[in-house]
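Geometric and topological summary
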Amino acid sequence: MGDGTGLAEALLGLDGFRVLAVVETPAEVVIEVETTAERVGCRGCGVRAEAQDRMLVEIRDLPSFGRPARLVWSKRRWRCREALCAERTWTETSEHVSTRAVLTRRAGMEACRQVGDNARPVSQLADELGVCWWTIMTAVDEHGRPLVDDPNRVGQVRAVGVDETSFTRATRKRRATLRASSA
């Protein structure tokens, strides 16, 4: 721990990951990580798996020290040693990163919070995280939809009212409209 990696892991705050290196550039902070799992069982048969190889996966995380942060995950591909098992190989997963994600879950949740609670522009968050507009909108949809769809978020309706300014008389060219609102 004398090399500072313990402190780097504490600052990173992602359980199950070990920091291998931190590289700072004027534009971003690059954090090289790997998982801490030493033994993994096959998902199909339970036999102890062996590490086959690694692949680098880049994921954006919350900004670090005022700059976008990029995690470079040295992700393991595991192999089942049981010849009769159909599982063969698979890549490791983490609760912190969705499969094929561009953002960590916490970065996606924070982007959703910033857009929803703070009314921050999506383009501004995209610039801060170093991703495109669509990446932020996908995160807002993924993390915000369950909040919007939750029937308990607004409580019970106590009364229904009619907005008299939107209740108009119907003519040949205009239909009558009626908008209800809850009080």
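Please refer to the structure placed before this passage.
Residues numbered from 1 in each chain as written. Predicted model: local features only at pLDDT ≥ 70, side-chain atom pairs only at ≥ 80, totals over all residues. Heavy atoms only, no water.

Moving on, we get to the layout of surface pockets. Counted as a void, the largest pocket has a volume near 340 Å³. Listed by contribution, the elements that provide at least two residues to the lining of the largest pocket are α1 (5-12), β1 (17-24), β2 (29-35) and β3 (50-64). Looking at the lining of the largest pocket, the element that brings in the most residues is β3, giving four residues. At the level of elements, β3 and β4 (67-79) are the ones that each hand at least two residues to the lining of the second largest pocket. Looking at which element gives the most residues to the lining of the second largest pocket, the answer is β3, with three residues. Along the lines of polarity and charge, the residues of the lining of the second largest pocket split into six nonpolar, five polar and three charged. (1 Å grid on protein atoms, 1.4 Å probe; cavity = no way out; pocket = protein on both sides within 12 Å on 5 of 7 lines; lining within 4 Å. Points joined across faces, edges and corners; volume = space filled by probe spheres on them. Helix = DSSP H or I, 4+ residues; strand = E, 2+ residues; numbered from the N terminus. Nonpolar A, V, L, I, M, F, W, Y, C, P; charged D, E, K, R; others polar.)

Now for the nonpolar core. Leu12, Phe17, Val19, Ile31, Val33 and Trp73 are the most contacted members of the largest nonpolar core, which has 13 residues in total. Secondary-structure elements contributing two or more residues to this core are α1, β1, β2, β3 and β4. If one sorts the elements of this core by residue count, β2 sits on top with three residues. Beyond its immediate sequence surroundings of up to four residues, Phe17 is in contact with Glu9, Leu12, Val33, Glu34, Thr35, Thr36, Trp73, Ser94 and His96. Ala107, Val115, Ala139 and Val140 belong to the second largest nonpolar core, which has twelve residues in total. (Core = buried A, V, L, I, M, F, W, Y, C linked by side-chain atoms within 4.5 Å. Buried < 20%, exposed > 50% of the residue type's maximum accessible area, 1.4 Å probe, protein only. Contact = heavy atoms within 4.5 Å.)

It is worth stressing that arrangement in space is one thing and function is another; only the former is reported here.
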